[in-house]
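A closer look at the structure
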Amino acid sequence: MNQPPSFFVTGTDTEVGKTLVSGALILKLQEAGYKVSGFKPVVAGTYIDAQGGQLNEDIETLRLASGLSAEDEKICPYVLDSAAAPHIVAQKIGVHLDTTVMLNAFQEIKKTVDCIVLEGAGGFLVPLNDQDDLGDLAQALDLPVILVVGMRLGCINHALLTCEAIQSRQLSIAGWVANTLTEEMPFLKENCQALQDRIFTPYLGRIPTLPAHLRKVENAPYSLEALRFAAQHIQLPDNI
Ligand SMILES: Nc1ncnc2c1ncn2[C@@H]1O[C@H](COP(=O)(O)OP(=O)(O)OP(=O)(O)O)[C@@H](O)[C@H]1O
Ligand SMILES: C[C@H](N)[C@H](N)CCCCCC(=O)O
Ligand SMILES: [Mg+2]
C-alpha cells in the first residue's frame with residue numbers, strides 16, 4: 001500500500017470548520033487503511049473539563065478522531081490559554097512560538113503513523129511570531145494543502161485570496177471543501193458554483209449544516225458521530 005501524503009488543512013478564516021474537516025479526513029484516511037494522527041502546531045483557547053483538566057477543543061477532537069488517549073503522543077507543542085491571535089497571546093506570556101519546535105514535534109509523530117492531518121490555526125497567513133506565519137510552516141513542511149471554505153457572505157473573496165497565497169508559496173492545493181455553516185446562506189448553490197468556477201483544484205464536496213443533535217457544544221470536542229456525518233459528504237483527494 002502506498003504511503004499517503006500528510007495534509008495541511010487551512011481555512012478562509014477562523015471558525016469555518018477546519019476542525020470538523022480535519023477530523024472527517026482522519027476518519028476517511030483510517031477507512032482507507034492508514035494509521036493517521038491529527039496535529040496542531042499551536043492552539044489558543046482552553047477550558048477546564050469536569051475532571052479539572054485543562055483542554056482545548058481542537059486537540060480533543062483530533063485526538064478522538066485519531067483514536068489517541070490523553071497519554072498518547074502530544075499532538076500540539078504550544079497550548080495557549082486565551083482564545084485570540086496566537087502570536088499576541090504568546091507574546092503576552094513571554095513565549096516564542098518557534099517553527100523549529102513545531103517541525104520537530106510533527107516529525108516525531110510522523111515516525112509513529114502513516115500520515116498526519118495538520119490543522120492550522122485561523123487562516124493561512126496567521127502570524128506565529130515577528131518573522132514567521134503558518135504559511136511559512138506549511139512551506140517548510142512542503143505539505144499539500146486542503147482549503148476549507150466556510151460558506152458565508154465574503155467567502156468567495158477570502159477563498160480566492162487564500163488560494164493565491166498558497167500558490168505563491170509554491171504549495172499544491174490537494175482540494176477544497178465547502179462547509180455550510182448555516183442553512184440560511186442566501187444563494188448557497190450559486191456561491192458554491194462561483195467557487196467551483198474559480199478554484200482550479202479538486203472539489204472534495206460540500207458538508208451540509210450539521211443537524212442540531214450533532215452541533216458542537218462550547219468547551220467540548222466534536223462527537224465522532226458529527227465527524228462521521230461530515231466524512232460522508234467529502235472525498236479524499238485523488239490517488240489515495
Ligand atoms: N457544517 C456545519 N454546520 C453547523 N455548524 C458548523 C458546521 N461546521 C462548523 N460549524 C460550527 O462552526 C464553529 C467553528 O467550527 P470549527 O471549530 O470546526 O472551526 P475552525 O475553523 O476549526 O476554527 P478555529 O480557527 O478556531 O480552529 C463551531 O461552533 C461549529 O459547530
Ligand atoms: C482563537 C481562534 N479560535 C483561533 N485558534 C486563532 C485565530 C487567530 C486569528 C488571527 C487573525 O487572523 O486575526
Ligand atoms: Mg479548529
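Residues numbered from 1 in each chain as written. Chains lettered and ligands numbered in written order. Predicted model: local features only at pLDDT ≥ 70, side-chain atom pairs only at ≥ 80, totals over all residues.

Spelled out, the test is: UniProt positions are given in the numbering used here, feature names are shortened, and annotations may be inferred rather than shown by experiment.
In the nomenclature of an unreviewed UniProt entry, the protein is known as ATP-dependent dethiobiotin synthetase BioD of Polynucleobacter antarcticus. Recorded under Catalytic activity (unreviewed entry), the UniProt text for the protein is reproduced unchanged: "(7R,8S)-7,8-diammoniononanoate + CO2 + ATP = (4R,5S)-dethiobiotin + ADP + phosphate + 3 H(+)". Here is the UniProt Pathway (unreviewed entry) comment for the protein, exactly as written: "Cofactor biosynthesis; biotin biosynthesis; biotin from 7,8-diaminononanoate: step 1/2."

**A word on the site of ligand 1**
Put simply, the rule is: Using the backbone to place each C-beta atom, any residue with that atom within 6 Å of a molecule or strand is considered near it. Only DSSP runs of H or I with at least four residues qualify as helices, and only runs of E with at least two residues qualify as strands; both kinds are numbered from the N terminus onward. Under this grouping Gly is polar, as are all residues other than the nonpolar Ala, Val, Leu, Ile, Met, Phe, Trp, Tyr, Cys and Pro and the charged Asp, Glu, Lys and Arg.
Near ligand 1 you find 19 residues, and of these T14, G17, K18, T19 and K216 are the closest. The dominant element in the shell around ligand 1, judged by the number of residues it contributes, is helix 1 (residues 18-31), at 3 residues. Across the shell around ligand 1, the residue classes break down as 6 nonpolar, 8 polar and 5 charged.

**Structural notes on the UniProt feature "binding site: Mg(2+)" (unreviewed entry) in the protein**
The line we're drawing: The burial label depends on the number of other C-beta atoms within 10 Å of a residue's C-beta. Counts of 20 or more mean buried, 12 or fewer mean exposed, and intermediate counts mean partly exposed, with C-beta atoms placed from the backbone. Any residue pair is listed as a contact if its two C-beta atoms, each placed from the backbone, are within 7 Å.
Per the UniProt entry, the sites bearing "binding site: Mg(2+)" (unreviewed entry) are T19, D58 and E119 in this numbering. Judged by maximum C-alpha separation, these annotated positions cover 101 residues in sequence but sit close together in space, the widest gap being only 8.6 Å. Note on placement: T19 falls in helix 1. Using a count of 26 C-beta atoms within 10 Å as the deciding quantity, one classes T19 as buried. Apart from residues no more than four positions distant in its own chain, T19 is found in contact with D58, T61, E119 and Y222.

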